[in-house]
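Structural overview
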Amino acid sequence: MTALLDVSDLVVDYGRGRTAFRALHGVSLDIAPGECLGLVGESGSGKSTLGKAILGLAPVTGGRIQFDGREISGVSGRARRALADDIQVVFQDPYGSLNPAMTIGDILVEPLLTSGISAGAAATRVREMLDRVRLPSTAMERYPSEFSGGQRQRIAIARALVRGPRLIVCDEPVSALDLTTQATILDLFIELQRETGVAYLFVSHDLGVVRRVCHRVAVMYRGELVEVGEGEQVTRSPQHPYSERLRLASPVADPVAQRERRTQWLALREVRDAVVR
Ligand SMILES: Nc1ncnc2c1ncn2[C@@H]1O[C@H](COP(=O)(O)OP(=O)(O)OP(=O)(O)O)[C@@H](O)[C@H]1O
Ligand SMILES: [Mg+2]
């Protein structure tokens, strides 16, 4: 089967000349239709940069990004806006990502207006989306400030889904939520994927989160992918020392096991520097 998204040798440089900073050093990965690919790695490793490059929001200096067999990395203007039919995004911050001055109805209708559908059909579609994310249709008259963090993330997910995209870049979409809310929102992501066949690039620093939702997991370290594999394998018995360090850095409930992890994690610090660079 052809990949939905095919990224190869992607290079992203921020800035120019002497102050230029290379955030991605030739990253290659693919995502199949309906697949969830997790992207993990420490802060500053380039996870959001990869997501932004796919969305046309980061400066691509080299390599290719193909969506459904078509090159999209240099695309801008009207063609880029048209790509929003297929590629959408959900960000981490459920407070900052919704316009506080707009009702939920307006927030959800807005992405549909450019597609030229009638007001009636748009309203029907918006109600259907609210239902999908388990919010009452009365939410349409209300403002973002009237909702909890988890509910706002449901609204952001509904907005991402409303045009029927084939890929959603999810950048730490549950990191700002408490653990119970995280679990219900992750289940919602899984259910929506089953129902709609949408693919996700699911960025998270939390291995437990990606294990729950992702089919495969890619590990990023300093702008390079160091390991890609099945979710269970990468999150439980990683091959690369850096992935192992990430595994050991994620906390466990049992204090004895946690102490053991910390010792192993500290021991692996040296290995990381010796092996990777
Ligand atoms: N607009 C920008 N201009 C210059 N440097 C940037 C810009 N955006 C990101 N960077 C740098 O690129 C590197 C990768 O950043 P990125 O945001 O992709 O990391 P990340 O893996 O998403 O981290 P986090 O887990 O903290 O969100 C970092 O060193 C960051 O400082
Ligand atoms: Mg980030």
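As a reminder, the structure under discussion sits directly above these lines.
Here we summarise the structure given alongside this text.

How each quantity is defined
Residues numbered from 1 in each chain as written. Chains lettered and ligands numbered in written order. Predicted model: local features only at pLDDT ≥ 70, side-chain atom pairs only at ≥ 80, totals over all residues. Heavy atoms only, no water. Axes fitted to C-alpha atoms, helices over the stretch in contact; angles between N-to-C directions. Helix = DSSP H or I, 4+ residues; strand = E, 2+ residues; numbered from the N terminus. Parallel < 35°, antiparallel > 145°, perpendicular 65-115°, else oblique. Left-handed = near helix turned anticlockwise from the far one by under 90°. Contact = heavy atoms within 4.5 Å. Nonpolar A, V, L, I, M, F, W, Y, C, P; charged D, E, K, R; others polar. Disulfide = S-S within 2.5 Å. Near = heavy atom within 4 Å. Polar contact = N/O pair within 3.5 Å; in protein donor to acceptor, adjacent residues only side chain to side chain. Areas by Shrake-Rupley, 256 points an atom, 1.4 Å probe, with all protein chains shown as cover. Pairing = 2+ DSSP bridges. Salt bridge = Lys/Arg side-chain N within 4 Å of Asp/Glu carboxyl O. Buried < 20%, exposed > 50% of the residue type's maximum accessible area, 1.4 Å probe, protein only.

So, about the packing of helix α5 (residues 149–161) against helix α6 (residues 179–196). It is at 10 Å that the axes of α5 and α6 come closest, and there the two elements cross at 15 degrees. The angle between the axes of α5 and α6 places the two elements in the roughly parallel class. As for the relative orientation of α5 and α6, their crossing is right-handed in sense. Between α5, through G150, R154, I157 and L161, and α6, the contact on the second element is made entirely by T181, T184, I185, L188, F189 and L192. Of the residues contributing to the contact of α5 with α6, the split by class is six nonpolar, three polar and one charged.

Enumeration according to the criterion identifies zero disulfides in this entry. The thiol of C36 is unpaired, and the distance to the nearest cysteine sulfur, on C214, comes to 3.2 Å.

Inspection of the region around ligand 1 gives Y14, F21, A23, E42, S43, G44, S45, G46, K47, S48 and T49 as its neighbouring residues. Within the backbone of G44, one N or O atom sits 2.8 Å away from an oxygen atom of ligand 1. One of the side-chain nitrogen or oxygen atoms of S48 is found 2.9 Å away from an oxygen atom of ligand 1. When isolated, ligand 1 has an accessible area of 640 Å², and the protein chains bury 59% of it. For the shell around ligand 1, the elements supplying multiple residues, two or more each, are β2 (21–31) and α1 (47–55). In terms of residue count, α1 provides more of the shell around ligand 1 than any other element does, three residues in total. Considered class by class, the residues forming the shell around ligand 1 number three nonpolar, six polar and two charged.

Across the sheet, which stays open at both edges, the four strands sit in the order β2-β1-β4-β5 with antiparallel pairing between neighbours. Looking at which strands have only one partner, the edges of the open sheet turn out to be β2 and β5 (70–71). The sheet contact formed by strand β1 (residues 5–14) and strand β4 (residues 60–67) spans six bridges and is antiparallel. Following the sheet pairing, D6 is matched in β4 by Q66. Contacting β1, β2 and β4, α1 crosses the sheet at an angle of about 110 degrees to β1.

Here the focus is the sheet that holds strand β3 (residues 36–40). Pairing is mixed across the open sheet formed by six strands, whose spatial order is β6-β7-β8-β3-β9-β10. In this open sheet, the two strands that pair with only one neighbour each are β6 (87–90) and β10 (224–230). Recorded for the sheet is a direction-independent mean angle of 20 degrees between the axes of neighbouring strands. Bridging between strand β7 (residues 167–171) and strand β8 (residues 199–203) involves five bridges; their strand directions are parallel. Bridging across to β8, V169 finds its partner in L201. Across the sheet, α1 touches β3, β6, β7, β8 and β9 (216–221), and the angle it forms with β7 is around 150 degrees. Running at roughly 155 degrees to β8, α6 makes contact with β3, β7 and β8 of the sheet.

In this section: the pattern of salt bridges. Summed over the entire model, instances satisfying the criterion amount to 13 salt bridges. Residue E35 is joined to R216 by a salt bridge in which the shortest nitrogen-to-oxygen separation is 2.6 Å. Here E35, found in the loop between β2 and β3, pairs with R216, found in strand β9; they are 181 residues apart in sequence, far enough to count as distant. Here E35 matches R216 in class, with each residue buried. Where E128 meets R125, a salt bridge forms, and the shortest distance between an N and an O atom there is 3.1 Å. With E128 and R125 both in helix α4 (residues 119–132), this residue pair falls three residues apart, about one helical turn. Since its relative accessible area comes to 37%, E128 is described here as partly exposed. Take R125: its relative accessible area is 23%, and that puts it in the partly exposed class. A single salt-bridge network, built from bridges that share partners, covers D30, E35 and R216.

Nothing here speaks to function; it is all geometry.
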